[in-house]
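Coordinates in review
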Amino acid sequence: MQSVSEAISYLREALEKVADPEKAQGMRAYMKNHFFYIGVQSDKRNAILKEWIPSVRHLNHWELIFALWDEREREFQYVALELLKKRRSKDFQPDDLYKIRELIISKSWWDTVDLLASDTLGKFLKQYPEYTTQIVKDYRNSGNMWLMRSTLIFQLKYKDKTDFELLKALILEFNVIKEFFIQKAIGWSLRQYSKTDPAAVRNFLDQIELKGVAKREAEKYI
């Protein structure tokens, strides 16, 4: 495959050969009819990618990512996420921050945003921590719920490297927002950090009034 378009055409053909139209309808319904699907579940998709990913390593990474993102069916966005998962922190460049932001706000739903935030954005900011203040300010003031959610969960894999003071400040700011995906992210972020420092999370919970899904998630392990 010598071009991005050839790579995607080959991928589409491979996916369509193993597609199940009935599963496509179920997958679409599960995602509240936001997206179309070919009907290929993760196990069959991953089997195809074992051959396909090595064959596209010579292509421009971001050109391929955005071409996949432009495809109609959701499976192509999942393939783009697989490519991003394989990208190491040291492979990112400073201007990738604009590309990551564009992906978060395009075709947004939890199935793509959560991995983009916790993996791709998380790795980028580990490589370029000096951009954290800029990105968090941009995201938290954007008015875009998915960008706001991303500020709460980009540190999910940071463990003892988590900036808990930053996380607490964001939670205090966003706790007034009753949107489910924000409240879930608040609880999720605290639940995850409680695996590293349960005492710190317990102390914070004693100082803030969380309710519903945020409270249930935050207290799950403490």
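Residues numbered from 1 in each chain as written. Predicted model: local features only at pLDDT ≥ 70, side-chain atom pairs only at ≥ 80, totals over all residues. Heavy atoms only, no water.

Looking at the packing of helix α6 (residues 96-105) against helix α8 (residues 132-140)
Packing of α6 against α8 leaves a shortest axis separation of 12 Å and a crossing angle of 25°. Looking at the two axes, α6 sits roughly parallel to α8. When the axes of α6 and α8 are compared, the crossing they make is right-handed. Across the interface between the two elements, L97, Y98, I100, R101 and I104 of α6 pack against Q134, I135, D138 and Y139 of α8. Looking at the contact of α6 with α8, its residues break down into 6 nonpolar, 1 polar and 2 charged. (Axes fitted to C-alpha atoms, helices over the stretch in contact; angles between N-to-C directions. Helix = DSSP H or I, 4+ residues; strand = E, 2+ residues; numbered from the N terminus. Parallel < 35°, antiparallel > 145°, perpendicular 65-115°, else oblique. Left-handed = near helix turned anticlockwise from the far one by under 90°. Contact = heavy atoms within 4.5 Å. Nonpolar A, V, L, I, M, F, W, Y, C, P; charged D, E, K, R; others polar.)

Side note on the layout of surface pockets
Size it by volume and the largest pocket reaches roughly 320 Å³. Elements supplying a minimum of two residues to the lining of the largest pocket: α2 (21-30), α3 (42-55), α5 (74-85) and α7 (110-127). Taken as a whole, the second largest pocket spans an internal volume of roughly 250 Å³. As for the second largest pocket, its lining consists of I53, V56, R57, L59, N60, H61, L64, L83, K86, R87, R88 and D91. Tallied by class, the residues present in the lining of the second largest pocket amount to 5 nonpolar, 2 polar and 5 charged. (1 Å grid on protein atoms, 1.4 Å probe; cavity = no way out; pocket = protein on both sides within 12 Å on 5 of 7 lines; lining within 4 Å. Points joined across faces, edges and corners; volume = space filled by probe spheres on them.)

Remarks on the packing of helix α1 (residues 4-17) against α3
Relative orientation of the contacting elements α1 and α3 amounts to 145°, with a least axis distance of 10 Å. Crossing of α1 against α3: the hand is right-handed. Facing A7, Y10, L11, A14 and L15 of α1, the residues of α3 in contact are R45, I48, L49, E51 and W52. Here the residues of the contact of α1 with α3 are counted per class, giving 8 nonpolar, no polar and 2 charged.

Section: the nonpolar core
Grouped together as the largest cluster of nonpolar side chains are 77 residues, with contacts concentrated most on L11, W52, L68, L152, I186 and L190. Apart from residues lying up to four places away in sequence, L68 is in contact with I8, L11, W52, F76, Q77, V79, A80 and L83. (Core = buried A, V, L, I, M, F, W, Y, C linked by side-chain atoms within 4.5 Å. Buried < 20%, exposed > 50% of the residue type's maximum accessible area, 1.4 Å probe, protein only.)

With respect to the side chain of D111
Locating D111 in the fold gives a position in helix α7. When its relative accessible area of 12% is taken as the criterion, D111 is described as buried. In this structure the side chain of D111 is engaged in a polar contact, spanning 2.8 Å, whose partner is the side chain of R74. Excluding residues that lie within four positions of it along the chain, D111 makes contacts with M31, F35, Y37, R74, Y78 and L81. (Polar contact = N/O pair within 3.5 Å; in protein donor to acceptor, adjacent residues only side chain to side chain.)

Quick word on the side chain of R87
If you trace the backbone, R87 turns up in the loop between α5 and α6. Of the side chains bearing the opposite charge, D96 lies closest to the buried R87, which forms no salt bridge; the N-O distance is 4.2 Å. Here D91 takes part through its backbone oxygen, which lies 3.0 Å from a polar atom of the side chain of R87. Those residues within four positions of R87 in sequence are excluded, and the remaining contacts are H61, W62, F92, D96 and K123. (Lys, Arg positive; Asp, Glu negative; His and termini not counted. Salt bridge = Lys/Arg side-chain N within 4 Å of Asp/Glu carboxyl O.)

A closer look at the environment of K107
Position of K107 among the secondary structure elements: in the loop between α6 and α7. In this structure the C-alpha to C-alpha distance between K107 and D70, which are 37 residues apart in sequence, comes to 9.2 Å. Not counting residues within four places of it along the chain, the set of residues in contact with K107 comprises F35, W69, D70, E71, R72, R74, Q77 and T112. A polar contact of 2.6 Å, which involves the side chain of K107, links it to the backbone oxygen of W69.

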